[in-house]
Amino acid sequence: QVHLVESGGGLVQPGGSLRLSCEASGSIFSIYAQGWYRQAPGKERELVATITNSGNINYEESVKGRFTISRDTAKNTVYLQMNSLKSEDTAVYYCNVMGAAGPLRPVLTYWGQGTQVTVSS
């Protein structure tokens with residue numbers, strides 16, 4: 001029953017900003033890690049940023065200093081603040097969550113439906 005809902009994508013000019021959000025709903029019991037991935041046309045899906053339940057954060061090199069990942073534990077929501085956007089940031093962005101649906105359930109990986117981010121002048 002775990003379901004991820006993404007929002008915040010859209011069209012923006014170079015240098016602009018967007019904020020993506022991803023809420024985990026349904027029978028989620030515990031979240032261990034959350035992250036964002038993206039896939040551009042003709043390219044493989046790549047890691048953008050991750051945050052663990054202990055607060056450890058990792059960014060892809062090209063987004064360091066421009067993107068910020070954060071979370072709201074009470075809302076089971078992860079955010080990606082994207083500033084100084086470039087044309088090469090254009091891609092479909094996917095939310096990823098590692099969590100358990102119950103106290104005795106295994107930890108699984110869930111994916112959002114994807115949201116389009118287009119950076120163009």
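Refer to the structure printed above.
All values reported here derive from a predicted model rather than from experimental measurement. (Residues numbered from 1 in each chain as written. Predicted model: local features only at pLDDT ≥ 70, side-chain atom pairs only at ≥ 80, totals over all residues. Heavy atoms only, no water.)

**Here we look at the overall build of the protein chain**
On a plain count of helices and strands, the protein chain comes out with 0 helices and 11 strands. Counting from the amino terminus, the protein chain carries its helices and strands in the arrangement β-β-β-β-β-β-β-β-β-β-β. Summarising its shape, the C-alpha atoms of the protein chain cover approximately 50 × 25 × 25 Å along the three principal directions. The 121 residues of the protein chain split such that 40% are buried. Across the protein chain, contacts joining residues at least 24 apart in sequence account for 55% of those joining residues at least 6 apart. Only carbon and sulfur atoms are counted for the fraction: they give 49% of the accessible area of the protein chain, which is about 6500 Å². (Helix = DSSP H or I, 4+ residues; strand = E, 2+ residues; numbered from the N terminus. Buried < 20%, exposed > 50% of the residue type's maximum accessible area, 1.4 Å probe, protein only. Contact = heavy atoms within 4.5 Å. Areas by Shrake-Rupley, 256 points an atom, 1.4 Å probe, with all protein chains shown as cover.)

**A few points about the pattern of salt bridges**
For the structure shown, the criterion picks out 4 salt bridges. A salt bridge links Arg38 to Asp89; the nearest nitrogen and oxygen atoms lie 3.0 Å apart. Taken as a pair, Arg38 in strand β4 (residues 30-39) and Asp89 in the loop between β8 (77-82) and β9 (91-100) lie far apart in primary sequence, 51 residues in all. Comparing Arg38 with Asp89 shows no difference in burial state: the two are buried. Ionic pairing is found between Asp89 and Arg66, a salt bridge with its closest N-O pair at 2.8 Å. Here Arg66 lies in the loop between β6 (57-59) and β7 (67-72) and Asp89 lies in the loop between β8 and β9, a separation of 23 residues in the sequence. (Salt bridge = Lys/Arg side-chain N within 4 Å of Asp/Glu carboxyl O.)

**Some details on the pairing of β7**
Sheet topology places β7 next to β8; 6 bridges connect them, and they run antiparallel. In the strand pairing of β8, Phe67 is matched with Met82. Taken together, β7 and the strand that follows it, β8, pair antiparallel across an intervening segment of 4 residues, in which Asn76 is found at a positive phi of about 50 degrees. (Pairing = 2+ DSSP bridges.)

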